[in-house]
Amino acid sequence: MKTIIIAATVTAFTAAVSPSGAATHDVASAAASPTPYLDQIERAVRHVSPGLEHQVWERSSGNRLDDSAGDWLLQTPQCWGHDPCPPADRPGTKRLLNKITSNIGEATSTVDITSLGCPEKLVLPLPSPCRTFPDGYFRDAIVAGLKKAAEKHKITFRMLLGAPVLPATVNGDDWIDAAKKTIGAAARNITFNVATMTTSYSGTPGVPIGGYTPSWNHSKLFVVDGRTVITGGVNTYTNNYVQTPKPVTDMMMAIRGPAAASATGYVNRLWAWTCANRNKLNWAATTGSWVYPSGGGCISTLHPPAAARAGDLDTLMVGGLGVGIQHKDDSSTYKLPDLKQPDDAKCKLSFADKDVVNRDRDYQTVNPEETALREMVATATKSIVFSQQDLYGWCASIGGPIKAVQPLADLRLLDNVAAKMIHGVKVRIVISTPGNEDAYSTMKNMAQFSDLLRKRIALQAGGDKKAAQVMQDTLQYASLRSSDKPRWEGKEKNDEGKVINCDDPKEACTYAQHTKLIVVDDRVFYLGSKNAYPAFLQDDGYFIEDPAAVAHLKKEFLDPQWKYSKADATFDWERFLPPTVVSIDTDRAKGASKVKVTVKAVTHSGDSFLVAYGNKVECKDTSSGGRCSFDEAPSIVGKKIDIVDRKTLRWTQKEVPHW
């Protein structure tokens, strides 16, 4: 009776977890265009934000991924499988720093840099792990490139840093003076413009420019002559990326061609606001900008020469203006679709303001990157891969009487993900380690996001039970590991001489990830500064449809990332695949009344397997990859037996061959 119950359970379980039908193909036929995914994303962006074309978003052709440094993919630290991994053994970090120097050194007229700055002091120095302006190795890489370029040409150099708290930033004149001293006589050929900016902030009782919602530049761009661009997620923080035993996993990419001019147009839009909202004597300001040299001019627009064609690649650059620069796109006719249960993303705080990410139509029109990422997910027919810091936001004050709190998630993005999962699209998500004291995670634990995703799937699938089944069948979800070890090891001195000792178990040395990468159908990818969790910042990135480039991304980054991270996965659909039968052999000794059946199988859960035949259970506990043998009447030949994973109850049916 017991064996019959087991068999019945296996059958019922299998019926319940069988994958649903293939997803509907939402992308136009590839026969009509070589870039159907990119075309669909572009159409969506144009519909929502038509007036921002050539300023905040732009499509260009004639580009190529620039591998002149040995790889166009500039990942950090590229220590897969190595822990500890001292700074001298990080090929990706070295390649990125060298590429920054090389690109800037090629400049003949203009160099544009944007990044995120950490606050360093208010009245007294703050215990900040990073600096307002590029420091250490990043500063050296920038200055070395400027020195090389300025020895041959007159250079206009702009550098714009987003700053969460303006009074906490430091004097940019000091950074410029130090750069000039290092460069030497050639510095006379460089016109410097350096600025920090905050477009909107809530840390003051009076309503600042742009309202209460906190917003500042978060893009990371190195644009030279409007011909080359390096873009991605890396901040210019030496103590987070270089001089540390626990380097942040992150990535940039290098592009050459007209796509770089698209970035120049976007940076011009940010500088136009920066120059128009310059603070001079108001040292208590919490919005606006500080522009250096003090008392000097402000260069709102650069006009580098048009870039020559560099290849055959189309790119779609899409950015966002956050809050405080422009309220809405007046030319847009976009209507915000209804959203079920919008309070699923609500921060449970009495002072939280309107959720602009999920509920504000005007906000969408000036932040087309939101539309682009959602539409990218909507193009998927096979797979979606997220390599992100997080997909789940946070409810907390930044310091001061904060009046607006980012929502917990972009529900419209998650609803698109949920719809695809229901139709069988496989989804992989790797995030930074939750609860990381180094602040590279917005979550306390892995369940916060997966519980919310389950809730959004249930809205479309018809209940929690079906949603749980969908997640089991389609989801891979893990926090980052870059080796077989659960945390970083080793110790290093940072640029202040402080020893960071990851051999001490009390130190917070879990793996931090800061990548902003999404890949769909092994064909199209997004890489930039835009996080998949909500934030009201100015961001920028590129969408590229190129299967060969995606294959390279997989080989160099995504495959090793999953190889090590899956050990920490809380969901992994591969574990629920039926057992793989390696072989079935039958043997009958001369004169024997029974045949011997030998089965070798591998389970994807790693647990043992059993063999069921009729109402019998054979080989009740055979290790995955092992062999089991049992005797049975000759009538079993030609009959089907079930090979069952004991952990998941998934099973594979095979016919017993003749001896």
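Residues numbered from 1 in each chain as written. Predicted model: local features only at pLDDT ≥ 70, side-chain atom pairs only at ≥ 80, totals over all residues. Heavy atoms only, no water.

**Quick notes on the pairing of strand β13 (residues 475-479)**
Phase 1 of the analysis: Within β13, five of the five residues are buried, which leaves it mostly tucked inside the rest of the structure.
Phase 2 of the analysis: The alternating pattern of β13 places L475, Y477 and S479 on one face and Q476 and A478 on the opposite face, and all of these are buried.
Phase 3 of the analysis: Note: strand β12 (residues 426-431) against β13, five bridges, orientation parallel. Paired with I429 across the strands is Y477, a residue of β13.
Phase 4 of the analysis: Sheet analysis places β13 next to strand β19 (residues 571-572), joined by two bridges and oriented antiparallel. When the sheet's bridge partners are listed, Y477 is paired in β19 with F571. (Buried < 20%, exposed > 50% of the residue type's maximum accessible area, 1.4 Å probe, protein only. Helix = DSSP H or I, 4+ residues; strand = E, 2+ residues; numbered from the N terminus. Pairing = 2+ DSSP bridges.)

**Examining the nonpolar core**
Phase 1 of the analysis: Within the largest apolar cluster, 105 residues are counted, with the highest numbers of intra-cluster contacts made by F525 and F543.
Phase 2 of the analysis: A total of nine residues in this core trace back to one element, the largest contributor, which is helix α7 (residues 259-276).
Phase 3 of the analysis: Excluding anything up to four places from it in sequence, F525 contacts W72, M253, M376, L517, I518, V519, Y542, F543, I544, A549, V550 and L553.
Phase 4 of the analysis: Ranked by size, the runner-up nonpolar core spans 53 residues in total, among them A150, A163, F222 and M252. (Core = buried A, V, L, I, M, F, W, Y, C linked by side-chain atoms within 4.5 Å. Contact = heavy atoms within 4.5 Å.)

**Brief notes about the packing of helix α4 (residues 136-150) against helix α5 (residues 172-183)**
Packed helix pairs are characterised by how far apart their axes lie and by the angle those axes make with each other.
Phase 1 of the analysis: Put simply, α4 and α5 touch, their axes get as near as 9 Å, and they point 55 degrees apart. Considered as vectors, α4 and α5 are oriented oblique to each other. In the crossing of α4 with α5, the sense of the turn from one axis to the other is right-handed. On the side of α4, the interface is formed by R139, I142, V143, L146 and K147, while α5 contributes W175, A178, A179, T182 and I183. (Axes fitted to C-alpha atoms, helices over the stretch in contact; angles between N-to-C directions. Parallel < 35°, antiparallel > 145°, perpendicular 65-115°, else oblique. Left-handed = near helix turned anticlockwise from the far one by under 90°.)

**Notes on the sheet that holds strand β24 (residues 627-632)**
Phase 1 of the analysis: Spatially, the three strands line up as an open sheet ordered β20-β21-β24, and their pairing is antiparallel. Only two strands of the sheet have a single partner each, and these edge strands are β20 (580-587) and β24. Pairs of neighbouring strands in the sheet enclose a mean axial angle of 20 degrees, with direction left out of account.
Phase 2 of the analysis: As defined by bridge partners, β20 adjoins strand β21 (residues 595-602) across seven bridges and the pair is classed as antiparallel. Residue pairing in the sheet places T586 in a bridge with V597 of β21.

**Regarding the packing of aromatic side chains**
Phase 1 of the analysis: Evaluated as defined, the whole model comprises nine aromatic pairs.
Phase 2 of the analysis: On the numbers, 6.2 Å between centres and 10 degrees between planes, the contact of F157 with W175 is stacked. Of the two residues, F157 sits in strand β4 (residues 155-162) while W175 sits in helix α5, which places them 18 residues apart along the sequence. Per residue, the accessibility class of F157 equals that of W175, and both read buried.
Phase 3 of the analysis: Put simply, the rings of F157, W175 and F192 touch in pairs and so form one group of aromatic residues. (Phe/Tyr/Trp six-rings, centres within 6.5 Å; stacked < 30°, edge-to-face > 60°.)

**A closer look at the state of the cysteines**
Phase 1 of the analysis: Per the counting criterion, the structure on display carries five disulfides.
Phase 2 of the analysis: Disulfide partner of C118: C130, at an S-S distance of 1.7 Å. Residues C118 and C130 are joined by a disulfide whose S-S torsion is about -55 degrees; by sign, that bridge is left-handed. You can see C118 sitting in the loop between β3 (110-116) and α4 and its partner C130 sitting in the loop between β3 and α4, a full twelve residues away along the chain. Grouping residues by exposure puts C118 and C130 together as buried.
Phase 3 of the analysis: Between the sulfur atoms of C502 and its disulfide partner C509 the distance amounts to 2.1 Å. (Disulfide = S-S within 2.5 Å.)

**As for the pattern of salt bridges**
Phase 1 of the analysis: A complete count under the given rule lists 30 salt bridges for this structure.
Phase 2 of the analysis: As a salt-bridge pair, R456 and D344 come within 2.8 Å of each other at their nearest N and O atoms. A residue pair is termed long-range when its members are at least 10 positions apart, and R456 in helix α12 (residues 447-461) and D344 in the loop between β10 (313-319) and α8 (356-359) qualify at 112 residues.
Phase 3 of the analysis: According to the relative accessible area criterion, R456 is buried, its value standing at 0%.
Phase 4 of the analysis: A single salt-bridge network, built from bridges that share partners, covers D39, E42, R46, E53, R59 and D314. (Salt bridge = Lys/Arg side-chain N within 4 Å of Asp/Glu carboxyl O.)

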